[in-house]
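The primary structure of each chain is shown beneath.
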Amino acid sequence: MAKTGSDQGTESNSFVFTKQKLAALPPLPTGKEAVDYNDTHPGSALKLRVLKNSKFFYVVITGKKMVDGKEQRTFKRERIEFYDPAININLTDLRERARALLTTKKNEATKVAGITFRQAYEKMKEVHGVSEKGQKQAEERVSSDGKTEAESNRDARRLKARGVKRKAKAPGTYADYEKSLKNMGDLADEDLMNIDHEMLFRLHARLDIENGYRAADKVIVVARLVYNFAQSFYLAKDKITSIIQHNPGKTLADLGVIANVNRDDTYIEPNEIERFFRYLLTVEAESPDLARRTVAASAARLILFSTFCGFRPSEAAGIRIEHIDKKNRALTVYDTKNGRDHSIGLSDVAWSIIEREYNQNYEFLFKNSEGGMMSESVTRDWIQKAGSAIGKHLCRKNTRNTFLTYSGFAGIENVVAARLANHISHVGQVDSNITMSYKGRWIEDSRKSMQIIADEMLKHAKMTKAEFGVLTKAAANEAPPEPPKASEAS
């Protein structure tokens, strides 16, 4: 330990502590703020600090921290108890307590990261990177087209699928993370090693009341993400052992504080699917007012469509009117997650949903209240409400899981189901490089498979096609009726 103004290293300040010697210590010299005394009893780490108005026994905890990438030693006094010469003390007990405290605290001190949560987040952002193409695309979209942030983020993700390195994240992703960073308040500037799961739990409870459960859960998710990165990035001298040995975000997730649902395994089961469908059909048909009905009905149809077609939520939301092939009762989704365009023939139930939502006066099939693309948050809200109606936690991805599960119930081969859901990118894709005749055959073959899967869902739901707007076979094969002119539209 380095010497200080207390002259703690001088010979007169180091001696074997006894009750008599401690009681005979002189008062604090004029001009001194503190004087430290060291117990030289064999194996003792006990020390005494004399202040102007008090005295206390302590041990010195030495450790290490990282400063600008360099390792530095740290010193910290850990108080054991105050000393009053008028009160009898047990020096043997004090020395034992000092040894025990030194052992436990030293282990903790050697792990002090010297890195705040915010610094770790910024380093993660630097290492993972922001997609430059995504950033440029987002700025162009907002400035020239006036698109929403969600639309610009989706464009950035599509660019990432076309070759931007996998770890690079869209600007909107970091913007979302930084909302959670702001919600953390002063905790974001705490050392990583000083944040434990109890501190995060208290923050989660407060945010749940003040900002809602979604903001509260998101903080835990971001904490888990940052700690996962820190455990891999900040290593000790051996370049193997991580400086960060705990992850409070993961601890809370494992304890069930947040909805720790395995999205890949969750689907709408046969005993739930009728209630799920009927809830969405009711939402589509009934709403308290016109403005609400516009959003709710479109959201309900989008969720139904995703369930019957297996589309990814973002792909279904991005369907434009120009993507729909009325003649062949089919559509093509562009810029999918795997970077390939995806053409598919539709079942009569899926086509009936398009008929109810189709309006050529708008750019997108599924519209928000202003006529633009349906936002992710609106779809997420309604899928969660549908889940509440059947007593189950659902997210948007679960409609796709449901489609793939019922394709198995219907006896569709896995490779065909994967192709229908555009789940593979290296075989069997239909794109502009193949002949139109083959594409036409695929549209017909895919429609037959989609019809089998839709019928399987209806069988388990014990519902008829008429309840979904498919009245007759002839009507199902007709193209969507021409929408009203803009002047006649309500």
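What counts, and at which threshold
Residues numbered from 1 in each chain as written. Predicted model: local features only at pLDDT ≥ 70, side-chain atom pairs only at ≥ 80, totals over all residues. Heavy atoms only, no water. Helix = DSSP H or I, 4+ residues; strand = E, 2+ residues; numbered from the N terminus. Buried < 20%, exposed > 50% of the residue type's maximum accessible area, 1.4 Å probe, protein only. Contact = heavy atoms within 4.5 Å. Areas by Shrake-Rupley, 256 points an atom, 1.4 Å probe, with all protein chains shown as cover. Pairing = 2+ DSSP bridges. pLDDT = per-residue confidence, 0-100. Core = buried A, V, L, I, M, F, W, Y, C linked by side-chain atoms within 4.5 Å. Phe/Tyr/Trp six-rings, centres within 6.5 Å; stacked < 30°, edge-to-face > 60°. Lys NZ or Arg CZ within 6 Å of the ring centre and 35° of its normal.

## Structural notes on the overall build of the protein
In step 1: If you tally the helices and strands in the protein, you get 18 helices and 8 strands.
In step 2: Looking at the protein as a whole, 44% of its 490 residues qualify as buried.
In step 3: Nonlocal contacts in the protein, meaning residues at least 24 apart in sequence, comprise 66% of its contacts between residues at least 6 apart.
In step 4: When the accessible surface of the protein is summed, it comes to about 25500 Å², and 50% of that surface belongs to carbon and sulfur atoms.

## With respect to the pairing of strand β8 (residues 342–345)
In step 1: Taking every second residue as pointing to the same face, both faces of β8 are buried, with His342 and Ile344 on one and Ser343 and Gly345 on the other.
In step 2: Relative to β8, strand β7 (residues 330–333) runs antiparallel, the two being bridged by 4 bridges. Opposite valine 333, over in β8, you have histidine 342 as the bridge partner.

## Focus on the confidence of the model for the protein
Note that predicted coordinates carrying low pLDDT should not be read in detail.
In step 1: Taken residue by residue, the protein gives an average pLDDT of 78. The fraction at 70 or more is 74%.
In step 2: Confidence over residues 473–490 falls short of pLDDT 50; this stretch has 25 contacts with residues more than four positions distant or in other chains.

## What about the sheet that holds β8?
In step 1: The sheet built from 3 strands is open, its strands ordered β6-β7-β8 with antiparallel pairing. Either end of the sheet is taken by a strand with one partner, and the two such strands are β6 (324–325) and β8.
In step 2: Where β6 lies against β7, 2 bridges are found, and the strand directions are antiparallel. Along β7, the bridge assignment pairs aspartate 325 with alanine 330.

## Here's the deal with the nonpolar core
In step 1: The biggest cluster of nonpolar side chains holds 58 residues, and the ones touching the most others in it are Phe276, Phe277 and Phe305.
In step 2: For this core, the leading source of residues is helix α11 (residues 290–309), giving 9 residues.
In step 3: With near-sequence residues (within four places) excluded, phenylalanine 276 lies in contact with Ile268, Ile303, Thr307, Ile383, Ala386, Ile390 and Leu394.
In step 4: The next biggest cluster of nonpolar side chains, apart from the first, holds 31 residues, and it includes Val219, Ala223, Val226 and Ile243.

## Considerations on the packing of aromatic side chains
In step 1: According to the stated counting rule, one finds 16 aromatic pairs in the structure shown.
In step 2: Judged by centre distance (5.4 Å) and plane angle (85°), the rings of phenylalanine 308 and phenylalanine 468 are edge-to-face. Of this pair, phenylalanine 308 sits in helix α11 while phenylalanine 468 sits in the loop between α17 (436–461) and α18 (473–477); the two residues are 160 residues apart in sequence, bridging distant segments of the chain. Per residue, the accessibility class of phenylalanine 308 equals that of phenylalanine 468, and both read buried.
In step 3: Three or more aromatic residues joined by ring pairs form one cluster here, namely Phe15, Phe17, Tyr37, Phe57 and Tyr83.
In step 4: Between the NZ or CZ atom of lysine 385 and the centre of the ring of tryptophan 382, over which it lies, the distance is 4.1 Å.
In step 5: It is lysine 392 that lies over the ring of tyrosine 267; its NZ or CZ is 5.8 Å from the centre.

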